[in-house]
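# Structural features, examined
One letter stands for each residue in the lines below.
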Amino acid sequence: MSTDVTTALGTDWLLADSLAPIAAGDVLQPLYDGAVRGKLVLPFCEHCSLTLDLEQQVCDGCGAHAIAWRSVEPVGIVHAATVMHRREPGLVLATSPYQILDVELDSGHRLVMTTAEPEPTTAAIGDPVHVTFRDLGGVQIPSARPIPDPPVTTRTALSQTEARS
Ligand SMILES: [Zn+2]
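None of these values were measured; they are calculated from a predicted model.

Below, the discussion takes up the overall build of the chain. Within the chain one finds 2 helices and 7 strands. Within the chain, the proportion of its 165 residues that are buried is 24%. The contacts of the chain with a sequence gap of at least 6 include a subset with a gap of at least 24, amounting to 56%.

Given below as C-alpha coordinates:
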(Lines give C-alpha, C1' and ligand atoms only; values in the text may rest on other atoms or scores of the structure.)
Protein backbone atom coordinates (compact mmCIF):
# COMPACT_ATOMS: atom_id res chain seq x y z
CA MET A 1 0.00 0.00 0.00
CA SER A 2 1.02 3.58 -0.59
CA THR A 3 2.28 5.46 2.42
CA ASP A 4 1.59 8.82 0.83
CA VAL A 5 -1.04 10.52 2.95
CA THR A 6 -0.40 14.03 1.71
CA THR A 7 -3.01 13.85 -1.05
CA ALA A 8 -6.00 12.57 0.86
CA LEU A 9 -8.59 14.14 -1.42
CA GLY A 10 -6.60 14.28 -4.63
CA THR A 11 -7.39 15.89 -7.93
CA ASP A 12 -10.02 13.68 -9.53
CA TRP A 13 -13.60 14.94 -9.54
CA LEU A 14 -15.05 11.50 -8.87
CA LEU A 15 -12.90 9.31 -6.64
CA ALA A 16 -10.43 9.75 -3.81
CA ASP A 17 -6.78 9.11 -4.64
CA SER A 18 -6.78 6.18 -2.22
CA LEU A 19 -8.80 4.25 -4.82
CA ALA A 20 -6.13 4.62 -7.50
CA PRO A 21 -4.90 1.30 -8.86
CA ILE A 22 -1.26 0.40 -8.42
CA ALA A 23 -0.01 0.56 -11.99
CA ALA A 24 3.43 -1.02 -11.53
CA GLY A 25 3.22 -4.74 -12.03
CA ASP A 26 -0.52 -4.66 -12.71
CA VAL A 27 -1.87 -6.73 -15.59
CA LEU A 28 -3.03 -3.40 -17.05
CA GLN A 29 0.35 -1.69 -16.71
CA PRO A 30 0.74 -1.36 -20.51
CA LEU A 31 -2.51 0.60 -20.60
CA TYR A 32 -1.39 2.89 -17.75
CA ASP A 33 2.07 3.36 -19.29
CA GLY A 34 0.50 4.25 -22.64
CA ALA A 35 -1.82 6.74 -20.97
CA VAL A 36 1.17 8.61 -19.56
CA ARG A 37 2.18 9.20 -23.20
CA GLY A 38 -1.38 10.22 -24.07
CA LYS A 39 -2.02 6.98 -25.95
CA LEU A 40 -4.88 4.54 -25.52
CA VAL A 41 -3.08 1.19 -25.54
CA LEU A 42 -5.19 -1.97 -25.60
CA PRO A 43 -4.56 -5.70 -25.91
CA PHE A 44 -4.64 -7.76 -29.08
CA CYS A 45 -3.78 -11.36 -29.69
CA GLU A 46 -0.18 -11.33 -30.86
CA HIS A 47 -0.83 -14.36 -33.03
CA CYS A 48 -4.05 -13.47 -34.89
CA SER A 49 -4.59 -9.78 -33.92
CA LEU A 50 -8.08 -10.40 -32.49
CA THR A 51 -9.08 -7.77 -29.94
CA LEU A 52 -8.89 -9.01 -26.36
CA ASP A 53 -10.71 -7.92 -23.22
CA LEU A 54 -8.55 -6.00 -20.77
CA GLU A 55 -7.64 -8.93 -18.53
CA GLN A 56 -8.11 -11.71 -21.08
CA GLN A 57 -5.22 -14.15 -21.09
CA VAL A 58 -6.23 -16.58 -23.85
CA CYS A 59 -7.39 -15.61 -27.34
CA ASP A 60 -10.94 -16.75 -28.19
CA GLY A 61 -9.98 -17.01 -31.84
CA CYS A 62 -6.80 -19.07 -31.87
CA GLY A 63 -6.10 -20.06 -28.28
CA ALA A 64 -2.78 -18.24 -28.13
CA HIS A 65 -1.54 -16.82 -24.82
CA ALA A 66 0.60 -14.02 -26.27
CA ILE A 67 -0.74 -10.51 -25.84
CA ALA A 68 0.35 -7.51 -27.90
CA TRP A 69 -0.52 -4.09 -26.52
CA ARG A 70 -1.03 -1.55 -29.30
CA SER A 71 -2.24 2.02 -29.38
CA VAL A 72 -5.68 2.47 -30.94
CA GLU A 73 -7.74 5.42 -32.08
CA PRO A 74 -9.34 6.76 -28.89
CA VAL A 75 -12.80 7.09 -30.41
CA GLY A 76 -15.95 5.03 -30.22
CA ILE A 77 -19.65 5.08 -29.53
CA VAL A 78 -21.74 4.53 -26.43
CA HIS A 79 -22.89 0.92 -26.43
CA ALA A 80 -24.75 1.17 -23.11
CA ALA A 81 -25.13 3.83 -20.45
CA THR A 82 -26.21 3.89 -16.85
CA VAL A 83 -26.36 6.50 -14.11
CA MET A 84 -24.80 5.60 -10.78
CA HIS A 85 -26.35 7.02 -7.61
CA ARG A 86 -23.74 6.46 -4.97
CA ARG A 87 -22.55 8.15 -1.81
CA GLU A 88 -19.34 6.87 -0.24
CA PRO A 89 -18.02 9.66 1.98
CA GLY A 90 -14.26 9.95 1.65
CA LEU A 91 -14.15 7.67 -1.40
CA VAL A 92 -16.66 9.00 -3.92
CA LEU A 93 -16.17 12.73 -4.16
CA ALA A 94 -18.95 13.46 -6.66
CA THR A 95 -22.05 14.80 -4.97
CA SER A 96 -24.34 14.12 -7.91
CA PRO A 97 -25.16 10.89 -9.77
CA TYR A 98 -22.56 10.11 -12.42
CA GLN A 99 -22.56 8.20 -15.67
CA ILE A 100 -20.95 4.88 -16.42
CA LEU A 101 -20.58 4.17 -20.11
CA ASP A 102 -19.88 0.95 -21.94
CA VAL A 103 -17.95 2.25 -24.94
CA GLU A 104 -17.48 0.32 -28.16
CA LEU A 105 -14.24 1.58 -29.64
CA ASP A 106 -13.50 1.79 -33.35
CA SER A 107 -10.77 -0.79 -32.66
CA GLY A 108 -13.45 -3.29 -31.64
CA HIS A 109 -12.60 -3.22 -27.93
CA ARG A 110 -15.29 -2.61 -25.34
CA LEU A 111 -14.35 -0.54 -22.29
CA VAL A 112 -16.47 0.46 -19.32
CA MET A 113 -15.62 3.93 -18.06
CA THR A 114 -16.95 7.07 -16.50
CA THR A 115 -16.96 10.44 -18.19
CA ALA A 116 -13.84 12.61 -18.04
CA GLU A 117 -15.75 15.34 -16.25
CA PRO A 118 -19.23 15.59 -14.75
CA GLU A 119 -21.59 15.84 -17.70
CA PRO A 120 -24.85 17.79 -17.49
CA THR A 121 -26.67 15.48 -19.88
CA THR A 122 -26.83 11.71 -20.00
CA ALA A 123 -25.21 10.05 -22.99
CA ALA A 124 -27.47 8.16 -25.36
CA ILE A 125 -26.71 4.84 -26.97
CA GLY A 126 -24.82 5.49 -30.19
CA ASP A 127 -23.41 8.85 -29.10
CA PRO A 128 -19.83 9.33 -30.32
CA VAL A 129 -17.19 9.73 -27.61
CA HIS A 130 -13.50 10.48 -27.44
CA VAL A 131 -11.53 8.49 -24.89
CA THR A 132 -9.28 10.59 -22.71
CA PHE A 133 -7.94 10.09 -19.19
CA ARG A 134 -8.75 11.06 -15.61
CA ASP A 135 -5.84 11.51 -13.23
CA LEU A 136 -6.59 9.41 -10.18
CA GLY A 137 -3.74 9.62 -7.70
CA GLY A 138 -1.21 9.91 -10.51
CA VAL A 139 -2.65 6.99 -12.49
CA GLN A 140 -4.31 7.80 -15.80
CA ILE A 141 -7.76 6.20 -16.04
CA PRO A 142 -9.56 5.97 -19.41
CA SER A 143 -12.69 8.08 -19.46
CA ALA A 144 -15.11 9.32 -22.07
CA ARG A 145 -15.72 12.80 -23.39
CA PRO A 146 -18.79 13.27 -25.58
CA ILE A 147 -18.06 14.47 -29.10
CA PRO A 148 -20.49 17.33 -29.69
CA ASP A 149 -22.74 17.26 -32.71
CA PRO A 150 -21.26 19.20 -35.60
CA PRO A 151 -22.86 22.59 -36.04
CA VAL A 152 -25.82 22.51 -38.40
CA THR A 153 -24.81 24.23 -41.59
CA THR A 154 -27.20 26.31 -43.61
CA ARG A 155 -27.18 23.71 -46.34
CA THR A 156 -28.11 20.92 -43.87
CA ALA A 157 -30.79 23.10 -42.32
CA LEU A 158 -32.24 23.81 -45.74
CA SER A 159 -32.24 20.21 -46.83
CA GLN A 160 -33.96 19.21 -43.58
CA THR A 161 -36.59 21.87 -44.20
CA GLU A 162 -37.07 20.56 -47.71
CA ALA A 163 -37.34 17.00 -46.46
CA ARG A 164 -40.14 17.98 -44.12
CA SER A 165 -42.21 19.85 -46.71
ZN1 LIG B 1 -5.57 -15.17 -31.52
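Next comes the rest of the account.
Once that is clear, we can look at the confidence of the model for the chain. In the predicted model, the chain carries a mean pLDDT of 89, and 87% of its residues have values of at least 70. Counting interchain partners and residues more than four positions distant, the pLDDT-below-50 stretch residues 1–8 has 2 contacts.

Mapping glycine 38 onto the fold places it in the loop between helix 1 (29–36) and strand 1 (40–45). Along the chain, glycine 38 and phenylalanine 133 lie 95 residues apart, while their C-alpha atoms are 8.2 Å from each other.

Sheet strands pair via backbone hydrogen bonds, and the direction of the pair is either parallel or antiparallel. Taken in spatial order, the 5 strands of this open sheet run 5-4-3-6-7, and their pairing is antiparallel. Of all the strands in the sheet, just strand 5 (110–114) and strand 7 (139–146) have a single pairing partner and so form its edges. Adjacent strand axes in the sheet meet at a mean angle of 35°, parallel and antiparallel pairs treated alike. Pairing analysis gives 8 bridges linking strand 3 (residues 75–84) to strand 4 (residues 98–105), with the strands arranged antiparallel. Within strand 4, the position partnered with valine 83 by the bridge is glutamine 99.

Next up on the list: the pairing of strand 4. For strand 4 and strand 5, the ladder comprises 5 bridges, and the chain directions are antiparallel. The residue bridging glutamate 104 from the neighbouring strand is arginine 110, located in strand 5. Taking the residues that link successive antiparallel strands as the turn, the strand 4-strand 5 hairpin has 4 residues, and the phi of glycine 108 there is positive, at about 105°.

Another aspect to go through is the nonpolar core. The biggest cluster of nonpolar side chains holds 22 residues, and the ones touching the most others in it are Val78, Leu101, Val103, Val129, Val131 and Ala144. Those residues in contact with leucine 101, other than ones at most four positions away along the chain, are Val78, Ala81, Met113, Thr115, Ala123, Val129 and Ala144.

Definitions and limits used
Just so you know, the residues in each chain are numbered from 1, in the order the chain's sequence is written. In keeping with the model being predicted, local features are shown solely for residues with a pLDDT of at least 70 and side-chain atom pairs are shown and tallied solely at 80 or more, while totals for entire chains, interfaces and linings include all residues. Here a helix means four or more residues in a row that DSSP labels H or I, a strand means two or more in a row labelled E, and each is numbered from the N terminus. Residue burial is a threshold on neighbouring C-beta atoms within 10 Å of the residue's own C-beta, all placed from the backbone, with 20 or more meaning buried, 12 or fewer meaning exposed, and counts in between meaning partly exposed. Each residue is represented by a C-beta atom placed from its backbone, and any two residues with such atoms within 7 Å are regarded as in contact. Residue-level confidence of the predictor is what pLDDT reports, using numbers from 0 through 100. Strands pair, by our definition, only if DSSP identifies at least two bridges between them. Comment: axis = line fitted to C-alpha atoms, over the contacting stretch for helices; angle = value between 0 and 180 degrees taken between N-to-C directions. Joined through C-beta atoms within 7 Å, a set of buried Ala, Val, Leu, Ile, Met, Phe, Trp, Tyr and Cys residues constitutes a nonpolar core.

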